[in-house]
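Remarks on the overall topology
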Amino acid sequence: MSLIVTGSIGIDTIETPDGQKADSVLGGSSIYFAAAASYFGDVRLVGAVGEDFPEAFVGDFKHFDVDTTGLEVRKGSKTFRWHGKYLENMNDRETISVDLNVLAEDLPPVPDGYKDSQYIFLANTHPAGQMALLENFPNRKLVVADTMDLWINTEKAVLTDLLRQIDGLVLNDSEAELLTGESNVIVAADKIVAMGPKFVVVKKGAHGAILRHDDGVCALPAYPARKVIDPTGAGDSFAGGMMGYLASADDISYATLCKAMAYGTVVASFNIEDFSLGRLKTLEKAELDQRYAEFTAMLNV
Ligand code: AMP
C-alpha cells in the first residue's frame, strides 16, 4: 500500500474538566493519523517542525514505524503549538491558544520515493499546504481531507478550491454546520457533496459517525467507551484507521468504506484512553482486532 499524510505536527497542552493537564506533549493531526494508520501497513509523512521540536518526540514516534523521510526540522522556525481545554461533556473544547509557526510556511519538498503514493490523506492543516501536497501524486487513487473551524473561518476560498479536487471529506458535525449553515448532518453532507467531494464522513464525537456516499448512507455509533481520559486526536486516529484499512484492502467501494469506518471507530476508542500517543504506544494489533470483533458483533442487531 502507499498511504501518505500531511497535516500538523505539534506540541500540545491539553486540559480536561477533571483538572488534569498534559503540558507540551506530542500532538498534531498527522501524528495521530499516522500512528493509527500504521496498524494496517506503511505510512509516509510529509511535514515540518521547528528547531524547538523535542528530540524525545522523534523517539516516541519511531515506535510506529512511520516513514519520516518527508519530515523536515526547519532551521529558524518554530513548531506548531496548540492549547485546548475540554468542556464538561468531554466532546466540545475551546482553543486557549494556537501558534501556527511553521504551519504557516511552505511544506517541505515531497521525497521522490513518495511520488507513487496512491492513498492521500490531507489531515487538518492550512488548506494551502493541503493543496500543495496534492499536486505531487499523478497516480492518486483516493484523496481524503479533514478540516476545522479555524480554516473554514479564515481560508474559505482555498478550502472551496480544495473541495473540488478531493474524493472525500472528513469533518465533525459542528464544522459541517459551519461550512454549510445546515444543522441537520445528512442535509449538511448533501450540501458538501454538491461542493465537490464524492463522499463525506461527518464525525459526531461520542455519537459516532455518518458516511454520505452516492451508493448509500452508513451510520455507526461510537464504541461504548468507559475510559475517556483525553479526546484529542480522536478524529485523526479515526481517519488513520479508516484510511489505513482502505489502503491495505486497496478497495474504495462503499462497502469497504463502511468497514473502514468501523476500524477507525475502534482505533479512536483506544486513542482517547490516554493523553497524546500514550495508549496507542502500548496498543497491540491483536487487541485492536479483538475490539473490532466485539464492536461489529454489537452492531449485528
Ligand atoms: P482532533 O482532536 O482529532 O481534532 O485533533 C487534535 C490535534 O489537532 C491536536 O493534536 C492539535 O495539535 C491539532 N490542531 C489543533 N488545531 C489545529 C489547526 N488549526 N490546524 C491543524 N491542526 C490543529
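The shown structure was predicted, so the numbers you read here are calculated from the model rather than taken from an experiment.

Calculation criteria
- Residues numbered from 1 in each chain as written.
- Predicted model: local features only at pLDDT ≥ 70, side-chain atom pairs only at ≥ 80, totals over all residues.
- Heavy atoms only, no water.
- Axes fitted to C-alpha atoms, helices over the stretch in contact; angles between N-to-C directions.
- Helix = DSSP H or I, 4+ residues; strand = E, 2+ residues; numbered from the N terminus.
- Parallel < 35°, antiparallel > 145°, perpendicular 65-115°, else oblique.
- Left-handed = near helix turned anticlockwise from the far one by under 90°.
- Contact = heavy atoms within 4.5 Å.
- Near = heavy atom within 4 Å.
- Polar contact = N/O pair within 3.5 Å; in protein donor to acceptor, adjacent residues only side chain to side chain.
- Areas by Shrake-Rupley, 256 points an atom, 1.4 Å probe, with all protein chains shown as cover.
- Buried < 20%, exposed > 50% of the residue type's maximum accessible area, 1.4 Å probe, protein only.
- Salt bridge = Lys/Arg side-chain N within 4 Å of Asp/Glu carboxyl O.

In this section: the packing of helix H6 (residues 173-180) against helix H7 (residues 185-194). In the contact formed by H6 and H7, the axes pass within 9 Å of each other and the chain directions differ by 55°. For the element pair H6 / H7, the angle class is oblique. Crossing handedness for the pair H6 and H7: left-handed. Facing Asp173, Ala176, Leu179 and Thr180 of H6, the residues of H7 in contact are Val185, Ala188, Lys191 and Ile192.

So, about the site of the ligand. Among the 19 residues in the neighbourhood of the ligand, the closest are listed as Ser8, Asp12, Gly28, Gly233 and Asp236. A distance of 2.4 Å separates an oxygen atom of the ligand from a polar atom in the side chain of Asp12. Against a free-state accessible area of 510 Å², the protein chains account for coverage of 93% of the ligand. Secondary structure elements with two or more residues in the shell around the ligand: strand E6 (80-86), helix H4 (149-154) and helix H8 (234-249).

With that out of the way, let us pick up unusual backbone geometry. You will see that Met90, though not glycine, has its phi angle at about 60°, which is positive. Mapped onto the elements of the fold, Met90 is located in the loop between E6 and strand E7 (93-99). A relative accessible area of 18% places Met90 in the buried class. Positive phi, normally seen in glycine, also occurs at Ser276, with a value near 50°. Tracing the sequence through the fold places Ser276 in the loop between helix H9 (254-271) and helix H10 (285-299).

Further remarks concern the pattern of salt bridges. Evaluated as defined, the whole model comprises 16 salt bridges. Across the pair Arg212 and Asp214 runs a salt bridge whose closest N-O atoms are separated by 3.1 Å. We classify Arg212 as buried; its relative accessible area is 16%. Note that Asp289 and Lys285 form a salt bridge whose closest N and O atoms lie 3.0 Å from each other.

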